[in-house]
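What follows is the residue order along each chain.
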Amino acid sequence: MKALWSEMSHQLEQQKKLTNEIIMNMTQERYTNKFKTLSNYESIGAVICFGIGVHILTNFGKLDTWYLQACGVFTLGVLFILPILVLNSLKRIRNLNITNTNYKETLLNYSKAKQNLLKLQQFGIFLSFILMFAVSGVFAKIWSNKDFFTVERNFWANLSILFAIFFVVVCSYWGYRTYNRVVRSAENVLKELE
Amino acid sequence: MPNKEEFVRIIKQHEGVIFKITTMYTDNRDDQKDLYQDVVYQLWKSFDSFRAQSKFSTWMYRISLNTALTRLKKSKRMGNTVSIDKVILEQTENYNPEFEDKLKQMYAHIKQLNVLEKGLMLLLLEGKKYEEIAEITGLTPSNVGTRISRIKQKLKQQIVKE
């Protein structure tokens, strides 16, 4: 393996192709920050959440029973707090100092930050299940002045609720499995190093 | 502001190393190019902070490995991935397909290792001594030795399995 590696290194030495211009381009305008892109998506999501939150806040007076008010408070909590936590988590990963730390420290810091972000997203998936009912209650009242929890529903309304539940369950299960796998691999790295 | 000429000269001098690291930590040509740019950018950003307390190559390995490690993939690219079909980029007169196949096999074995093991293996193949590997990774030299013998064992098993 070592001989093969040396031969490859030798051949790579002979086919150097970077020019001064390419190198400087890489360091400046052509550089795109992957975390920045991800943060941009999350920021757009956060603005949408805040917008919906403000809409609920301005119509909060229409929620006239204790359980609808509880749904409203829960929805507002999720819409305002969760995006901030996710953006903070992303910021933590983005600001990891990789220039003054060694490989082991970076691996530890990164795994911890990644675990934190993934657990938060995992938590968000579970919250979405409760959120689905809470949001339905809140918007049924605000938009149609109907109590979602007591109103009589026809067959199609019940079917669409069942479909929505099925959809959220499938998404939650898939998301949970995916995140669990990634979190476990981050945990293994930490166990190995600590 | 870092010294541009000095930076360009050093990057040119070490471009093979950056190529090897980025190839080890990515699965397709697009990702490899992205990571290559990230590494060069990080080196540029931290070039001023290099205090010559350690060898330049030690510092460069550290920054490159750290960059590879903390690179967050947006998502799996769909459809337009270009697998790393060639390790040696250009078909020169000396281009040898058999050698290329062996290289691909070697990379395939190394890619099965975990991130820390990959880094250690790369440094070992680069001919670094345990002390220097320890300086780059933050492990103790004895720990480096233990881990490397485990990696060798693992690779042997992988190769025997085939």
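Residues numbered from 1 in each chain as written. Chains lettered and ligands numbered in written order. Predicted model: local features only at pLDDT ≥ 70, side-chain atom pairs only at ≥ 80, totals over all residues.

Along chain A, the regular secondary structure elements total six helices and zero strands. From first element to last, N terminus to C terminus, chain A shows the α and β order α-α-α-α-α-α. Out of the 194 residues belonging to chain A, those deemed buried represent 18%. The long-range fraction of contacts in chain A, counting pairs at least 24 apart against all pairs at least 6 apart in sequence, stands at 78%. (Helix = DSSP H or I, 4+ residues; strand = E, 2+ residues; numbered from the N terminus. Buried ≥ 20, exposed ≤ 12 C-beta atoms within 10 Å, placed from the backbone. Contact = placed C-beta atoms within 7 Å.)

Residues and elements named next belong to chain B. With their axes 9 Å apart at the nearest point, helix α3 (residues 56-69) and helix α6 (residues 130-137) run at an angle of 50 degrees to one another. The pairing of α3 with α6 is recorded here as oblique in orientation. The handedness of the crossing between α3 and α6 is right-handed. In this structure, α3 contributes Thr58, Tyr61 and Arg62 to the contact, and α6 contributes Glu132, Glu135 and Ile136. Of the residues assigned to the contact of α3 with α6, the class counts are two nonpolar, one polar and three charged. (Axes fitted to C-alpha atoms, helices over the stretch in contact; angles between N-to-C directions. Parallel < 35°, antiparallel > 145°, perpendicular 65-115°, else oblique. Left-handed = near helix turned anticlockwise from the far one by under 90°. Nonpolar A, V, L, I, M, F, W, Y, C, P; charged D, E, K, R; others polar.)

Residue and element names in this part refer to chain B. Mean pLDDT over chain B stands at 80; residues scoring 70 or higher make up 81%. Across residues 74-82, confidence stays below pLDDT 50; counting only partners more than four residues off in sequence or on other chains, it has nine contacts. Predicted complex metrics record ipTM = 0.74 and pTM = 0.67. (pLDDT = per-residue confidence, 0-100.)

What follows covers unusual backbone geometry. All names here are of chain A. Residue Asn145 is not a glycine yet carries a positive backbone phi of 55 degrees. Of note, Asn145 is situated in the loop between α5 (103-144) and α6 (155-193). Since 9 C-beta atoms lie within 10 Å of it, Asn145 is described here as exposed.

A few words on the environment of Leu69 of chain B. By the secondary structure assignment, Leu69 of chain B is in helix α3. For the pair Leu69 of chain B and Leu116 of chain B, spaced 47 residues apart in sequence, the C-alpha separation works out to 9.1 Å. Excluding its chain neighbours within four sequence positions, the residues that come into contact with Leu69 of chain B are Thr106, Leu107 and Tyr110 of chain A together with Val115 of chain B.

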